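The lines below spell out each chain.
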Number of protein chains: 2
Amino acid sequence: MLIVFTGNGKGKTSAALGTALRSLGWNRKVAIIQFIKGNKATGEWQFGKFGTNSGQFVVKQFFDDKQYSISEKSILENPEYKKSCKQAWNFAKETILSKKYDLIILDEINNAIHLKLLDENETLHFVETHGRVSAFDIIMTGRNASQKLIDIADMVTEMKEIKHPFQKGVKAKEGIDY
Amino acid sequence: MLIVFTGNGKGKTSAALGTALRSLGWNRKVAIIQFIKGNKATGEWQFGKFGTNSGQFVVKQFFDDKQYSISEKSILENPEYKKSCKQAWNFAKETILSKKYDLIILDEINNAIHLKLLDENETLHFVETHGRVSAFDIIMTGRNASQKLIDIADMVTEMKEIKHPFQKGVKAKEGIDY
């Protein structure tokens, strides 16, 4: 099954991580590949460290930064983002083809496609061809999911911001936002 | 912080569970109290069994059923739901007052309030008075969050269904839907 969490509201990566937690409860194996994101001081990264020994829960990042929230402008101005997105995508393809995982989360990939850090046609063609087998599930998160992606997905939820404390200048919070 | 995940789309409980996973990564303690739901064959329940020893991740249910999805009609026709919701709410109040947890998830409580299985004024008054302290966070999930709840919350996301395989008659899937 191909699941997409998109929209401008809080909860896209969280919903993917919650699906991961449920999968772990069923003893399924989970791989999370984070596009654009590269901060290791996050709850999911630290949770992943515990799971690394068993290989049941793996989090992979390809960029090293210290930010929780990155502006589109700074992503587009820094060629390292494009480079690391390509590395992440190559790793994602290997992971999908390996068939070692029951759930593969491509975190922030929607936005990486939107910002043209990844080629949309190639990415969606691969996901549709190799990633939609009944044996495992793929979740693609991030704002700005394209219509093409929505068309090929089995399940799509838009996380719509109704109210957010960042609107009032409140800072991102440990365990909640990262 | 008081967080609300509402709307008709997939991802409300998942987003709460993902916040739980992040919190566990930060070594925070998490309690999940499930209103209306009472099925123990779920990923979160089975994940909770592993965490019970340490008390770091606790899932509590007050109703015993075998369904993943329950119609409003059958909830309203069965007085046991109202009874178990009251038990769940009493437990939730104790849990909030105990200050033992860093994150308390009141799963499906929005719908329990909407269906009048819980008194809205009492519930929201308690949450606003005792539950919004900086030391811990509360997440309230479920469809039909009331305007009063949205008004007192710090963060609200509407999970909006764009596409769902249930529309096509596909059944709920282990590790994804439960």
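Structure shown above.
Before going into details, it helps to say that this report is about the structure given with it. In this text, all values refer to a predicted model and were calculated from it rather than measured experimentally.

### Concerning the pairing of strand β3 (residues 57-61) of chain B
Residue and element names in this part refer to chain B.
- Every second residue of β3 is oriented toward a common face, the buried set being Phe-57, Val-59 and Gln-61 and the non-buried set Val-58 and Lys-60.
- Strand direction decides the pairing type here: strand β2 (residues 30-34) and β3, joined by 5 bridges, are parallel. Bridge pairing links Gln-34 to Gln-61 in β3.

### A word on the packing of aromatic side chains
- For the structure shown, the criterion picks out 11 aromatic pairs over all chains.
- Between the aromatic rings of Phe-62 of chain A and Phe-91 of chain A, the centroid separation amounts to 5.6 Å while the plane-to-plane angle is 50 degrees, which identifies the pairing as tilted. A residue pair is termed long-range when its members are at least 10 positions apart, and Phe-62 of chain A in the loop between β3 (57-61) and α3 (72-77) and Phe-91 of chain A in helix α4 (residues 79-98) qualify at 29 residues.
- The exposure class assigned to Phe-62 of chain A is partly exposed, which follows from its relative accessible area of 21%.
- Judged by centre distance (5.9 Å) and plane angle (80 degrees), the rings of Tyr-178 of chain A and Trp-26 of chain B are edge-to-face. Of this pair, Tyr-178 of chain A sits in the segment after β6 (155-163) while Trp-26 of chain B is found in the loop between α1 (12-25) and β2, placing the two residues in two different chains.
- The exposure class assigned to Tyr-178 of chain A is buried, which follows from its relative accessible area of 11%.
- Connected via pairs of aromatic rings, a cluster forms that spans Phe-47 and Phe-57 of chain A together with Phe-47 and Phe-57 of chain B.
- Taking the ring centre of Phe-91 of chain B as reference, the NZ or CZ of Lys-60 of chain B above it sits at 5.1 Å.

### What to know about the sheet that holds β2 of chain B
- Strand order in this open sheet of 12 strands is β3(A)-β2(A)-β4(A)-β5(A)-β1(A)-β6(A)-β6(B)-β1(B)-β5(B)-β4(B)-β2(B)-β3(B), and the pairing throughout is mixed. At either margin of the open sheet sits one strand with a lone partner, and together these are β3 of chain A together with β3 of chain B. For this sheet, the mean inter-axis angle between neighbouring strands, taken without regard to orientation, is 15 degrees.
- The strands that helix α1 (residues 12-25) of chain A touches are β1 (2-6), β2 (30-34), β3, β4 (103-107), β5 (137-141) and β6 of chain A together with β3 of chain B; relative to β4 of chain A, the one it contacts most, it runs at about 165 degrees.
- The sheet contacts of helix α4 (residues 79-98) of chain B involve β2, β3, β4 (103-107) and β5 (137-141) of chain B, and relative to β2 of chain B the element is tilted by about 165 degrees.

### Description of the relation of the copies chain B and chain A
- Once turned by 180 degrees and shifted 0.0 Å along the axis, chain B lies on chain A with an RMSD of 0.0 Å. Expressed as a symmetry operation, the mapping of one chain copy onto the other fits a two-fold axis.
- A shared binding surface is used by both copies, with 98% of the interface residues of chain B retained as interface residues in chain A.

Cut-offs and rules
Residues numbered from 1 in each chain as written. Chains lettered and ligands numbered in written order. Predicted model: local features only at pLDDT ≥ 70, side-chain atom pairs only at ≥ 80, totals over all residues. Heavy atoms only, no water. Buried < 20%, exposed > 50% of the residue type's maximum accessible area, 1.4 Å probe, protein only. Helix = DSSP H or I, 4+ residues; strand = E, 2+ residues; numbered from the N terminus. Pairing = 2+ DSSP bridges. Phe/Tyr/Trp six-rings, centres within 6.5 Å; stacked < 30°, edge-to-face > 60°. Lys NZ or Arg CZ within 6 Å of the ring centre and 35° of its normal. Axes fitted to C-alpha atoms, helices over the stretch in contact; angles between N-to-C directions. Contact = heavy atoms within 4.5 Å. Least-squares fit on C-alpha atoms with pLDDT ≥ 70 in both.

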